[in-house]
Amino acid sequence: MIDTLDDLDVEGTTIGVRVDVNSPIDDGSLADDARLRAHVDTLSELLERGGRVAVLAHQGRPGGDEFVSLESHADRLAELLDRPVDYVDATFTEAAREAVRSLENGECLVLENTRFYSEEYMEFDPERAARTHLVEGLAPVLDAYVNDAFAAAHRSQPSLVGFPTVLPGYAGRVMEAELDVLGSIEETPEPRVYVIGGAKVSDSIDVAWSVLEKGLADHVLTAGVVGNVFLIADGVDLGDASSDFIYDQGYWDEIDRATDLLDAYGDRIALPRDVAVERDGSRKEIGVNALPPQETEAAMDVGDSTLTYYQRILSDAGTVILNGPAGVFEDDLFERGTRELYEAATAVPTSIVGGGDTAAALRRLGVEGFTHVSTGGGAALRMLTAESLPAVTALETDTENGGTDD
Ligand SMILES: Nc1ncnc2c1ncn2[C@@H]1O[C@H](COP(=O)(O)OP(=O)(O)O)[C@@H](O)[C@H]1O
Ligand SMILES: O=C(OP(=O)(O)O)[C@H](O)COP(=O)(O)O
């Protein structure tokens, strides 16, 4: 059993609230506020009930373009909550503790990007996570911990699993709703189709293995960078530009894993039949048999033959679970694959979609009509493989529950 906000005596309590506001960034600032909006109910409720709220969150990954401060997130949150939200450029130092101590009832602040500290980008068991600088530094000024970061619940990182080891832990409203909807994948109608796109290749291959091995997926459709890796694994020459991109992203070793997966479950894995590249400023679609493209051309989207093929599979599906865009949807030339694939998915009786960039794509492309739009991508997929999420397990076994999973 996980405690929720209904079990928390909020007034006058200083609460560390872990949210997931990991969002697209443009020029160093927030470019899409969908994930912030998702947490407004939890934060408003805590503030209206007289809580003193310190928001904890990560943004981006070390070394990446989106690895930025949470200052613009705090500014946007103030607008969404319609109340002042201080930004503190520290997470667990004395400056951070002092700011948290000075909160009054109904006041909120945002601490700095947790991943600015190296331990937060490592995976620990909960007891070890509780002994990190972040948790040891901040926990003494907190009375309770609320985890609303469903989208990061598949990570066993200190801010997600360490705090509930030393503080009473509660699920926020987003976490609660996601667990309700996604906790019963085995009960969704069959055939079940998983559409795996986007750029997080290792996570996607993990999920594909799991759902194929457990018999949860009747089909896995690949697209995006994931689809490109599978094409190379299948012996297709995608050309230098796409190969270099995959190499630079650190996903070259995933090609062998994709090959193993194709050997084991190839009959249930669908690969793109064509890809779209940019040629002379226009979109050009090339069938896989006619690849490679010219040297500088990268596979940026799936083409019409792939879409027709995937739409046919989706037309027979009872449930579709979708994560990641089919192409570089941010570019007008390459938004078509994502738009058409998502639209086809909304016609399936049960349609579940998730992911940070996926949510941004839905908003940009104006696609609506999914049964459930999850705030999580990797977390939703992990949950839909019927596996436990470390951050959820940590809440189930928090200090107040006496360390037992009751
Ligand atoms: N063929 C492709 N080449 C390069 N990037 C791609 C391609 N297809 C999709 N992407 C990129 O993948 C990113 C989103 O992937 P990901 O982070 O896995 O999604 P989510 O956050 O929804 O889980 C987008 O920025 C998109 O531009
Ligand atoms: O955006 C996230 O995951 P998602 O892209 O799978 O939805 C979460 O914030 C987790 O981020 P991470 O995948 O860098 O650990």
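Starting afresh in each chain, residues are numbered from 1 along the sequence in its written order. Chains and ligands are labelled by the order in which they are written, letters from A for the one and numbers from 1 for the other. Local features in this predicted model are restricted to residues whose pLDDT is 70 or higher, and side-chain atom pairs enter the listing and the counts only when it is 80 or higher, whereas totals over whole chains, interfaces and linings include all residues. Side-chain metrics rest on all non-hydrogen atoms present in the structure, leaving aside hydrogens and water.

- The name recorded for the protein in an unreviewed UniProt entry is Phosphoglycerate kinase, from Natronobacterium texcoconense.
- In its Sequence similarities (unreviewed entry) section, the UniProt entry covering the protein states "Belongs to the phosphoglycerate kinase family."
- We quote the UniProt Subcellular location (unreviewed entry) comment for the protein here in full: "Cytoplasm". UniProt positions are given in the numbering used here, feature names are shortened, and annotations may be inferred rather than shown by experiment.

**What to know about the UniProt feature "binding site: substrate" (unreviewed entry) in the protein**
Alright, step 1. In this numbering, the UniProt entry assigns the feature "binding site: substrate" (unreviewed entry) to Asp 20, Val 21, Asn 22, Arg 35, His 58, Gln 59, Gly 60, Arg 61, Arg 115 and Arg 155.
Alright, step 2. Tracing the chain through its elements places Asp 20 in the loop between β1 (14–18) and β2 (25–26).
Alright, step 3. Judged by its relative accessible area of 4%, Asp 20 is buried.
Alright, step 4. Contacts are residue-level and defined by heavy atoms, with any inter-residue pair within 4.5 Å sufficient. In this view, Asp 20 contacts Arg 35, His 39, His 58, Ala 149, Ala 151 and Ala 152; residues no more than four positions away in its chain are not counted.
Alright, step 5. Throughout this description, a polar contact denotes any pair of N or O atoms lying within 3.5 Å of each other; where both atoms belong to protein, one of them has to be capable of donating a hydrogen while the other can accept it, and for residues adjacent in sequence the pair is counted only when both atoms sit in side chains. In terms of polar contacts, Asp 20 uses its side chain to reach the side chain of Arg 35, at 3.4 Å.
Alright, step 6. We count a stretch as a helix when DSSP gives it H or I for four or more residues in a row; a strand needs E for two or more, and each element gets its number in order from the N terminus. Looking at the element boundaries, Arg 61 is found in the loop between β4 (52–56) and α3 (71–81).
Alright, step 7. The buried label applies to any residue whose accessible area, calculated with a 1.4 Å probe on protein chains only, is under 20% of its type's maximum; exposed applies above 50%, and partly exposed to all values in between. Arg 61 sits in the partly exposed class, given a relative accessible area of 32%.
Alright, step 8. Once you skip the residues sitting within four places of it in the chain, Arg 61 turns out to touch Phe 67, Arg 115, Tyr 121, Arg 155, Lys 200, Asp 203 and Tyr 251.

**Notes on the sheet that holds strand β9 (residues 192–196)**
Alright, step 1. Following DSSP output, two strands are said to pair if at least two bridges run between them. Here 6 strands make up an open sheet; going across it, the order is β11-β10-β9-β15-β16-β17 and the pairing parallel. In this open sheet, the two edge strands, each paired with only one partner strand, are β11 (269–270) and β17 (372–374).
Alright, step 2. Axis definition: a line fitted to C-alpha atoms, limited for helices to the stretch in contact. Angles are taken between N-to-C directions and run from 0 to 180 degrees. This element, helix α15 (residues 356–365), spans β15 (319–323), β16 (350–354) and β17 of the sheet and lies at about 110 degrees to β16.

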